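Here is how the chains run, residue by residue.
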Amino acid sequence: MTGTPHVVNDVMTHTVLALRHGAAFKDIVTAMQRWQVSAAPVLDDDGRVVGVVSEADLLRKEQARAQAPGRRPEADRTKATAVTAAELMTVPAVTVHPEAPLPEAARTMARHGVKRLPVVDADGLLRGVVSRADLLKVFLRADEDIAEEIRRDIVPHLFPGPAEPVTVRVRDGVVTLTGRIPDTGLVPVATGWVRGVAGVVAVDCALAGPPRRPDLDPDLPDPEHGPRPEHVPPV
């Protein structure tokens, strides 16, 4: 993968299966099998997303066979007798915009318990679909691409005058930062910024403060050798 995927438009599938209001039950099953998808958005006559038909919606008809008619919830009874996309679909559709950050799309999926989101523009028109698998594409980003972004966009801004150069190493998406910096209070900030870079799996921040200067800081313990022992006169 090249570039830095930050938003839904970077990873979504642009050519997708969409259903019309009047699509028949068997045609929907056939289309979803052919496209190998578990859900499909339903469009109105203007191309706006108005609902989603999922495998769960379709299975209501089969599940109803095992339930006593008087015990079925009304929604289940309606979908059990549905024959078109308009009758089957779940409304309102849970959607996301192309410019939405990838974490926002992931949170939306988790919150609503769905595996795919229709991607719509400001007018509600379908522009694509993003799935859980699409969101995972970000972790295919090359280690060196991740390292270069951190060196270019984070290190110079946080540590313009380091005590010694800050080294960035990335292996399998895990970032390791080493070096000495003037202010160790920036370590949590650096960790947070690096964790937010696309493709980062984890951060090992081993940044340290500047070395002690014995001639100028005689009363401070040496961070590398610990505190000096007190002088004990001979017995």
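You'll find the structure just up there.
A. Molecular detail of the side chain of Arg180. Among the structural elements, Arg180 can be located in strand 7 (residues 174–180). Using a relative accessible area of 13% as the deciding quantity, one classes Arg180 as buried. For Arg180, the side chain forms a polar contact with the main-chain oxygen of Gly209, separated by 2.6 Å.

B. Here's a closer look at the environment of Ala24. Positionally, Ala24 belongs in the loop between strand 1 (19–20) and helix 2 (25–35). Separated by 63 residues in sequence, Ala24 and Glu87 have C-alpha atoms that sit 9.9 Å apart.

C. The pattern of salt bridges, seen in detail. Throughout the structure, instances matching the rule amount to seven salt bridges. Among the salt bridges present, the one from Asp134 reaches Lys137, with a minimum N-O distance of 3.2 Å. One salt bridge connects Arg152 with Asp153, and the closest N-O pair in it is separated by 3.0 Å. Overall, the relative accessible area of 34% leaves Asp153 in the partly exposed class.

D. Expanded view of the sheet that holds strand 1. Read across the open sheet, the three strands follow the order 1-2-3; overall the sheet is mixed. Here the strands that pair on one side only, and so sit at the sheet edges, are strand 1 and strand 3 (49–54). Sheet analysis places strand 1 next to strand 2 (residues 39–43), joined by two bridges and oriented parallel. In the sheet register, Leu19 faces strand 2, and the bridge partner there is Val42.

Conventions and cut-offs
- Residues numbered from 1 in each chain as written.
- Predicted model: local features only at pLDDT ≥ 70, side-chain atom pairs only at ≥ 80, totals over all residues.
- Heavy atoms only, no water.
- Helix = DSSP H or I, 4+ residues; strand = E, 2+ residues; numbered from the N terminus.
- Buried < 20%, exposed > 50% of the residue type's maximum accessible area, 1.4 Å probe, protein only.
- Polar contact = N/O pair within 3.5 Å; in protein donor to acceptor, adjacent residues only side chain to side chain.
- Salt bridge = Lys/Arg side-chain N within 4 Å of Asp/Glu carboxyl O.
- Pairing = 2+ DSSP bridges.

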